Amino acid sequence: MKEKTRPADIYMRFLQLAESLRGLPSLPALDPLEERILQMVAFAAKEASRLSVRDMMAYSELGSPATIHNRLKSMRAKGWIMLTDTEDSRRKQVTLTQAALLHFDKLSKCLVQAAKEA
């Protein structure tokens, strides 16, 4: 008789599968603040809303404008995000790179696999 799987077991399996992605050649790792920024950019993209550098700097929970600017610069150099022009040349929109979207696709596959193995 198969033991019942707890939801936490599925999540732990997902974390294991997601961790295995770290060993694959891909984008450089992000620090926790960069991870949070990446999530915000991804959520904005999912909602089809614009997120500018100025918008990001308004989130005080992310730190000072200088800290946010430095993280955006770092994430751009690592290949996670790109800054694109808007109608106003002084404002740049923050968007995910194709490589970041592929990373989210891989994470999604890990989630589906973890749920199937339950």
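The rules behind these values
Residues numbered from 1 in each chain as written. Predicted model: local features only at pLDDT ≥ 70, side-chain atom pairs only at ≥ 80, totals over all residues. Heavy atoms only, no water. Phe/Tyr/Trp six-rings, centres within 6.5 Å; stacked < 30°, edge-to-face > 60°. Helix = DSSP H or I, 4+ residues; strand = E, 2+ residues; numbered from the N terminus. Polar contact = N/O pair within 3.5 Å; in protein donor to acceptor, adjacent residues only side chain to side chain. Contact = heavy atoms within 4.5 Å. Salt bridge = Lys/Arg side-chain N within 4 Å of Asp/Glu carboxyl O. Buried < 20%, exposed > 50% of the residue type's maximum accessible area, 1.4 Å probe, protein only. Pairing = 2+ DSSP bridges. Core = buried A, V, L, I, M, F, W, Y, C linked by side-chain atoms within 4.5 Å.

**Some details on the packing of aromatic side chains**
According to the stated counting rule, one finds one aromatic pair in the structure shown. Aromatic pair Tyr11 and Phe14: ring centres 6.3 Å apart, planes at 40 degrees, arrangement tilted. Note that Tyr11 and Phe14 are positioned in helix α1 (residues 7–21) at a spacing of three residues, about one turn of the helix.

**A word on the side chain of Thr86**
Residue placement: Thr86 occurs in the loop between β1 (81–85) and β2 (92–96). Within the local environment of Thr86, its side chain forms a polar contact with the backbone oxygen of Asp88, the two atoms lying 2.9 Å apart. Here the side chain of Thr86 touches Arg91 through a polar contact of 3.0 Å, landing on its backbone oxygen. Among residues more than four places away in sequence, those in contact with Thr86 are Arg50, Arg91, Lys92 and Gln93.

**Digging into the pattern of salt bridges**
Using the criterion set out here, one finds seven salt bridges in the structure. The residue Lys78 makes a salt bridge to Glu34 at a minimum N-O spacing of 2.9 Å. Here Glu34 lies in helix α2 (residues 32–46) and Lys78 lies in helix α4 (residues 65–78), a separation of 44 residues in the sequence. Glu34 gets classed as buried once you look at its relative accessible area, which sits at 2%.

**Observations concerning the pairing of β2**
Most of β2 is tucked away, with four of its five residues classed as buried. Sheet topology places β1 next to β2; five bridges connect them, and they run antiparallel. Within β2, the residue paired with Met82 across the bridge is Thr95. Here β1 folds back onto β2 in antiparallel fashion, the turn holding six residues.

**Some remarks on the nonpolar core**
Nonpolar side chains in soluble globular proteins tend to end up buried together. Judged by nonpolar contacts, the single largest core of 21 residues is most densely connected at Ile37, Met56, Leu72 and Trp80. Of all elements in the fold, only α2, α3 (53–57), α4 and β2 reach the threshold of two or more residues within this core. Looking at this core element by element, the count peaks at seven residues for α2. Ignoring any residue separated from it by four or fewer positions in sequence, one finds Met56 in contact with Ile37, Met40, Leu51, Leu62, Ile68, Leu72 and Val94.

**As for the environment of Ala99**
Along the chain, Ala99 falls in helix α5 (residues 98–116). Judged by its relative accessible area of 32%, Ala99 falls in the partly exposed class. It is 7.4 Å that separates the C-alpha atoms of Ala99 and Leu27, two residues lying 72 residues apart in sequence. If we skip the residues at most four places from it in the chain, Ala99 touches Leu27 and Gly79.

Limitation: the analysis is restricted to geometry and does not speak to function.
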